[in-house]
Amino acid sequence: MPKSSNQNTLFGLPVIVAALGYFVDIYDLLLFGIVRVPSLKDLGLSEQDVSAVGASIINWQMGGLLLGGIIWGVLGDKRGRLSVLFGSIITYSIANVLCGFIQDTSFLPATELYKYLRFIAGIGLAGELGAGITLVSEILPKELRAIGTSLVAGIGLLGAVVAYFTVEIFGDWRIAYFVGGGLGFGLLLLRVGVIESGMFTEVSSQKHVAKGDFLSFFTNWDRFVRYMKCIGIGLPTWFVIGILATFSNEFGKALGITEPIKPGLAIMWCYVGLAGGDLASGFISHYFHSRKKAVALLMAFSGVFSIVYLFAGVQSSTMLYTLCLLMGFGIGYWAMFVTIGAEQFGTNLRATAATTVPNMVRGMVILMTTLFAGFKTGSLDVFGWFSLTVPQLGVIGAGTLVGILSYALGFYSTLTVPETHGKDLDFVEI
């Protein structure tokens, strides 16, 4: 199917709009992590409650991402990539505006309302990256795919930096939510001129081909293994973001750093590094002619600095933020990881895979924070159903345990998943 000549280039409208969409997505996704402490304190919570309630709200948001990944992924293969790009941004933009109005009500306390709104926002946020990467992967020539998706993620990840400075400049977490919602609605206007993927249009006319069947990942062993390995590759990324950066204030105290650590600033520096790593990952993959080598190299880089973060006796906030920057660069294979997920599967399942895989990884943060909190205190709360007594490892020990599990699965998955560099994507899953 012919493609518009001004759209299938690195700086064509689909790449630009996907990058800006991911920019807004990251702004809104990371905003709670940045305003977690000031917003919850403003709502009247103690320092101890901020940690517990904050972790709970993060879990609700990640749960929304998990559910939203499935919803938008299926819709992306059934209704088209563009339908997801429009629907998801409307959902999370409305939710973010409402977060700016949170207060106690006659029927719900503010913290409960916060959970539900972040859950809805999570559902909306789940669709942006997968649909954008799928669209760009199918529109660009195969020799430009890695660089194109890296540009999308590298530019998009700077949304975390803007989110941090929005909070710092305005000094009001509520305004930061209003800005996020406004950016989302503004982005809708840019999306009007983007064309649908030719590959999807061609497959959509083939009525005999099953499209967007999420359960098909679990009914074929080879497909299931590929799918699980795609998820495994991404685990170290959210260990760094969801544990080491988000709870950096707790790690700072455990390391004996006297200066107060701002989790929002740690997250921002992590994402500055992540943006740089994502931009580099496409060129590394292009140089080695391998997705796997690029991912393994960057994963090893992040693993080394995660060890330094935990065990090198960091004594200053400057060094801790610097390590967040370096770890962030290492987990900058995020775009490559999502691209691998898109390239592993046929056109009839590609949006489902590319959308659910990163959100399954984000959803794993629920398990990571549960393990971290449980082994930190010695009491493992299993999703509120019951508690188990486990060894009390403290902040450093609990973080190390979660890190070992994440990196072990990450390296195994990376080294054993099929290589997809230069793969022709014009095929379907039967």
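Residues numbered from 1 in each chain as written. Predicted model: local features only at pLDDT ≥ 70, side-chain atom pairs only at ≥ 80, totals over all residues. Heavy atoms only, no water.

1. Some thoughts on the overall build of the protein chain
Here is step 1 of the chain: A tally of helices and strands in the protein chain yields 17 helices and 2 strands.
Here is step 2 of the chain: Over its C-alpha trace the protein chain gives a radius of gyration of 20 Å, about what one expects of a compact globule, namely 22 Å for 430 residues.
Here is step 3 of the chain: Once the C-alpha set of the protein chain is aligned to its principal axes, its extents read approximately 60 × 45 × 40 Å.
Here is step 4 of the chain: Buried residues in the protein chain amount to 60% of all 430 residues.
Here is step 5 of the chain: Within the protein chain, contacts between residues at least 6 apart in sequence are counted, and of these 81% link residues at least 24 apart.
Here is step 6 of the chain: Total accessible area on the protein chain stands at roughly 16,000 Å², and carbon and sulfur atoms take up 69% of it.
Here is step 7 of the chain: Averaging the positions of the 26 positive and the 26 negative side-chain charges in the protein chain gives two centres separated by 5 Å. (Helix = DSSP H or I, 4+ residues; strand = E, 2+ residues; numbered from the N terminus. Rg over C-alpha atoms; globule rule 2.2 N^0.38 Å. Buried < 20%, exposed > 50% of the residue type's maximum accessible area, 1.4 Å probe, protein only. Contact = heavy atoms within 4.5 Å. Areas by Shrake-Rupley, 256 points an atom, 1.4 Å probe, with all protein chains shown as cover. Lys, Arg positive; Asp, Glu negative; His and termini not counted. Charge placed at Lys NZ, Arg CZ, Asp CG, Glu CD.)

2. Structural notes on the environment of A245
Here is step 1 of the chain: Within the element layout of this structure, A245 appears in helix 10 (residues 221-245).
Here is step 2 of the chain: Distance from A245 to C324, taken between C-alpha atoms, is 6.8 Å for residues 79 residues apart in sequence.
Here is step 3 of the chain: For A245, the residues in contact, after removing those within four places along its chain, are V240, P263, A266, I267 and C270.

3. Here we look at the side chain of T356
Here is step 1 of the chain: Looking at the secondary structure, you find T356 in helix 16 (residues 350-377).
Here is step 2 of the chain: Overall, T356 belongs to the buried group, its relative accessible area being 1%.
Here is step 3 of the chain: Once you skip the residues sitting within four places of it in the chain, T356 turns out to touch G69, I70, F214 and Y227.

4. A look at the nonpolar core
Here is step 1 of the chain: In terms of nonpolar packing, the biggest core is built from 129 residues, with Y114, F251 and Y271 touching the most fellow members.
Here is step 2 of the chain: Among the elements that make up this core, the one with the highest residue count is helix 1 (residues 13-42) (15 residues).
Here is step 3 of the chain: There are two domains that each give this core at least three residues, and those are domain 1 (12-193) and domain 2 (219-419).
Here is step 4 of the chain: Setting aside chain neighbours within four positions, we find Y271 in contact with I26, L30, L157, A160, W238 and I241. (Core = buried A, V, L, I, M, F, W, Y, C linked by side-chain atoms within 4.5 Å. Domains from an automatic or database assignment.)

5. A closer look at the domain arrangement of the protein chain
Here is step 1 of the chain: The domains assigned to the protein chain are domain 1 (12-193) and domain 2 (219-419).
Here is step 2 of the chain: Averaged C-alpha coordinates put domain 1 and domain 2 at centres separated by 19 Å.
Here is step 3 of the chain: Interface of domain 1 and domain 2: buried area, both sides summed, is about 3,900 Å²; carbon and sulfur atoms make up 68% of it.
Here is step 4 of the chain: The largest per-residue losses of area from domain 1 upon contact with domain 2 belong to M62, L157 and Y164, which jointly make up 13% of the total buried on that side.
Here is step 5 of the chain: Summed over the shared surface of domain 1 and domain 2, the result is 1 salt bridge.
Here is step 6 of the chain: Linking R362 and D25 is a salt bridge whose minimum nitrogen-to-oxygen distance equals 3.9 Å. (Buried area = accessible area lost by both parts, 1.4 Å probe. Salt bridge = Lys/Arg side-chain N within 4 Å of Asp/Glu carboxyl O.)

6. Here's the deal with the pattern of salt bridges
Here is step 1 of the chain: Inspection of the entire model under this criterion finds 5 salt bridges.
Here is step 2 of the chain: We note a salt bridge from K376 to E250, for which the minimum N-O separation is 2.7 Å. Of this pair, K376 sits in helix 16 while E250 sits in helix 11 (residues 248-254), and the two are 126 residues apart along the sequence.

7. A short note on the packing of helix 10 against helix 12 (residues 263-288)
Angle between the axes and distance between the axes are the two parameters that describe a pair of packed helices.
Here is step 1 of the chain: Contact pair helix 10 / helix 12: the axes reach a minimum separation of 10 Å and the direction vectors enclose 160°. One finds that helix 10 runs roughly antiparallel with respect to helix 12. In this structure, helix 10 meets helix 12 at a crossing whose hand is right-handed. Only P263, A266, I267, C270, Y271 and L274 of helix 12 make contact with helix 10, whose side of the interface consists of W238, V240, I241 and A245.
Here is step 2 of the chain: Partitioning the contact of helix 10 with helix 12 into residue classes produces 10 nonpolar, no polar and no charged. (Axes fitted to C-alpha atoms, helices over the stretch in contact; angles between N-to-C directions. Parallel < 35°, antiparallel > 145°, perpendicular 65-115°, else oblique. Left-handed = near helix turned anticlockwise from the far one by under 90°. Nonpolar A, V, L, I, M, F, W, Y, C, P; charged D, E, K, R; others polar.)

8. Observations concerning empty space enclosed by the protein
Here is step 1 of the chain: In total, this model carries 2 cavities of 30 Å³ or more according to the counting rule given.
Here is step 2 of the chain: Put simply, the largest cavity is a space of about 120 Å³.
Here is step 3 of the chain: If you go around the largest cavity, you meet 14 residues; those closest to its centre are G33, I58, M62, W238 and T246.
Here is step 4 of the chain: The set of elements that each furnish at least two residues to the lining of the largest cavity consists of helix 1, helix 2 (47-78), helix 10 and helix 16.
Here is step 5 of the chain: Top element by residues in the lining of the largest cavity is helix 1. It accounts for 4 residues.
Here is step 6 of the chain: Residue classes in the lining of the largest cavity are distributed as 9 nonpolar, 5 polar and no charged.
Here is step 7 of the chain: When residues of the lining of the largest cavity are sorted by domain, at least three fall in each of domain 1 (12-193) and domain 2 (219-419).
Here is step 8 of the chain: Each pocket or cavity is described by its volume, and for the second largest cavity that value is around 50 Å³. (1 Å grid on protein atoms, 1.4 Å probe; cavity = no way out; pocket = protein on both sides within 12 Å on 5 of 7 lines; lining within 4 Å. Points joined across faces, edges and corners; volume = space filled by probe spheres on them.)

9. Section: the packing of aromatic side chains
Here a ring pair, both rings aromatic, is described through the centre-centre distance and the interplanar angle of the planes.
Here is step 1 of the chain: All told, the structure shown has 26 aromatic pairs when counted by the stated rule.
Here is step 2 of the chain: Ring geometry for F217 and Y227: centres 4.3 Å apart, planes at 15°, overall stacked. A residue pair is termed long-range when its members are at least 10 positions apart, and F217 in the loop between helix 9 (198-204) and helix 10 and Y227 in helix 10 qualify at 10 residues.
Here is step 3 of the chain: Residue class for Y227 comes out buried when judged on its relative accessible area of 1%.
Here is step 4 of the chain: Judged by centre distance (5.9 Å) and plane angle (50°), the ring pair of F218 and F224 falls under tilted.
Here is step 5 of the chain: Accessibility expressed as a relative area gives 24% for F224, which makes it partly exposed.
Here is step 6 of the chain: What links up through ring pairs into an aromatic cluster is the set F214, F217, F218, W221, F224, Y227 and F345. (Phe/Tyr/Trp six-rings, centres within 6.5 Å; stacked < 30°, edge-to-face > 60°.)

10. A short note on a nonpolar patch on the surface
Here is step 1 of the chain: A cluster of nonpolar side chains, I90, I94, L98, F101, F178 and F185, forms an exposed patch at the surface whose accessible area comes to about 530 Å².
Here is step 2 of the chain: Of all the elements in the fold, those that place two or more residues in the nonpolar patch are helix 3 (81-99) and helix 8 (173-190).
Here is step 3 of the chain: Per-element accounting of the nonpolar patch gives the leading share, 3 residues, to helix 3.
Here is step 4 of the chain: Locating F178 in the fold gives a position in helix 8.
Here is step 5 of the chain: Here F178 falls in the partly exposed class, since its relative accessible area comes to 31%. (Patch = residues over 30% accessible without salt bridge, like charges linked within 9 Å, V, L, I, M, F, W, Y side chains within 5 Å.)

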